[in-house]
Amino acid sequence: MGEIKEGDTLFKFIIEMKCPIHGFERFEVKVIKKFNMNSHEIKPRIRSRPVPGSISRLYVGRNVSEKEAIKFLLDHLYKTGLWNRVMAIRIEFM
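Residues numbered from 1 in each chain as written. Predicted model: local features only at pLDDT ≥ 70, side-chain atom pairs only at ≥ 80, totals over all residues. Heavy atoms only, no water.

Caption draft 1: Structural detail: the packing of aromatic side chains. Throughout the structure, instances matching the rule amount to three aromatic pairs. Geometrically, the ring pair formed by Phe-11 and Phe-13 is edge-to-face, given 5.4 Å between the ring centres and 80° between the ring planes. One exposure class covers both Phe-11 and Phe-13, and it is buried. Here Phe-11 and Phe-93 contribute two aromatic rings whose centre-to-centre distance is 5.4 Å and whose plane-to-plane angle is 45°, an arrangement assigned as tilted. (Phe/Tyr/Trp six-rings, centres within 6.5 Å; stacked < 30°, edge-to-face > 60°. Buried < 20%, exposed > 50% of the residue type's maximum accessible area, 1.4 Å probe, protein only.)

Structure, rendered in structure tokens:
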């Protein structure tokens, strides 16, 4: 493994959810390292599909740990009320 550069994808979450319309939805959330932001900041990029209010990317500062990014995503799912629809979450490291 080489050195981590700005804009590199550190890992991604693959989230599987029950959907009242389609029955099943699967989407991924990429965690991307950014150096031009606060070193301890986590900034989500919100999308409208497949589930309104879900996150497509998490931009993280250079000093954010994997545990902090995981905790941020889980807290977001709880706060938006999507947690009770989540069937599975996998983490794939790049």
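Caption draft 2: Geometry of a nonpolar patch on the surface. On the surface, Tyr-78, Trp-83, Ile-89, Ile-91 and Phe-93 cluster together into a nonpolar patch covering about 470 Å² of accessible area. Ranked by the residues each element gives to the nonpolar patch, the list is headed by strand β5 (residues 86-93), at three residues. Structurally, Ile-89 can be placed in strand β5. Judged by its relative accessible area of 30%, Ile-89 falls in the partly exposed class. (Patch = residues over 30% accessible without salt bridge, like charges linked within 9 Å, V, L, I, M, F, W, Y side chains within 5 Å. Areas by Shrake-Rupley, 256 points an atom, 1.4 Å probe, with all protein chains shown as cover. Salt bridge = Lys/Arg side-chain N within 4 Å of Asp/Glu carboxyl O. Helix = DSSP H or I, 4+ residues; strand = E, 2+ residues; numbered from the N terminus.)

Caption draft 3: Quick look at the nonpolar core. Counting 17 residues, the largest nonpolar core has Phe-13, Ile-15, Val-29, Val-31, Leu-58 and Leu-73 as the members making the most contacts within it. It is strand β1 (residues 9-19) that contributes the most residues to this core, five residues altogether. When near neighbours in sequence (up to four residues on either side) are disregarded, Leu-73 contacts Phe-13, Ile-15, Ile-55 and Leu-58. (Core = buried A, V, L, I, M, F, W, Y, C linked by side-chain atoms within 4.5 Å. Contact = heavy atoms within 4.5 Å.)

Caption draft 4: Main features of the environment of Val-64. Here Val-64 lies in the loop between β4 (55-60) and α1 (66-79). For Val-64 and Glu-41, which are 23 residues apart along the polypeptide, the C-alpha to C-alpha distance reads 7.2 Å. Contact partners of Val-64, with chain neighbours within four places excluded, come to Lys-33, Ser-39, His-40, Glu-41, Ile-42 and Ala-69.

Caption draft 5: Highlighting the sheet that holds β4. An order of β3-β4-β2-β1-β5 is seen for the five strands of this open sheet, with the pairing classed as mixed. Each having just a single partner strand, β3 (42-46) and β5 make up the two edges of the open sheet. On average, adjacent strands in this sheet sit at an angle of 20° to one another, irrespective of strand direction. Bridging between β1 and strand β2 (residues 23-33) involves 10 bridges; their strand directions are antiparallel. (Pairing = 2+ DSSP bridges. Axes fitted to C-alpha atoms, helices over the stretch in contact; angles between N-to-C directions.)

Caption draft 6: Local environment of the pattern of salt bridges. Applying the stated criterion to the full structure yields six salt bridges. Between Arg-90 and Glu-16 there is a salt bridge, and its shortest N-O distance comes to 3.9 Å. Remark: Glu-16 occurs in strand β1 and Arg-90 occurs in strand β5; sequence separation between them is 74 residues. Judged by relative accessible area, which is 14%, Glu-16 ranks as buried. Linking Glu-92 and Arg-90 is a salt bridge whose minimum nitrogen-to-oxygen distance equals 3.9 Å. On the basis of relative accessible area, Arg-90 is assigned to the partly exposed category, the value being 42%. Among the charged side chains, a salt-bridge network with shared partners connects Lys-12, Glu-16, Arg-26, Glu-28, Arg-90 and Glu-92.

No statement about biological role is implied by the geometric values presented.
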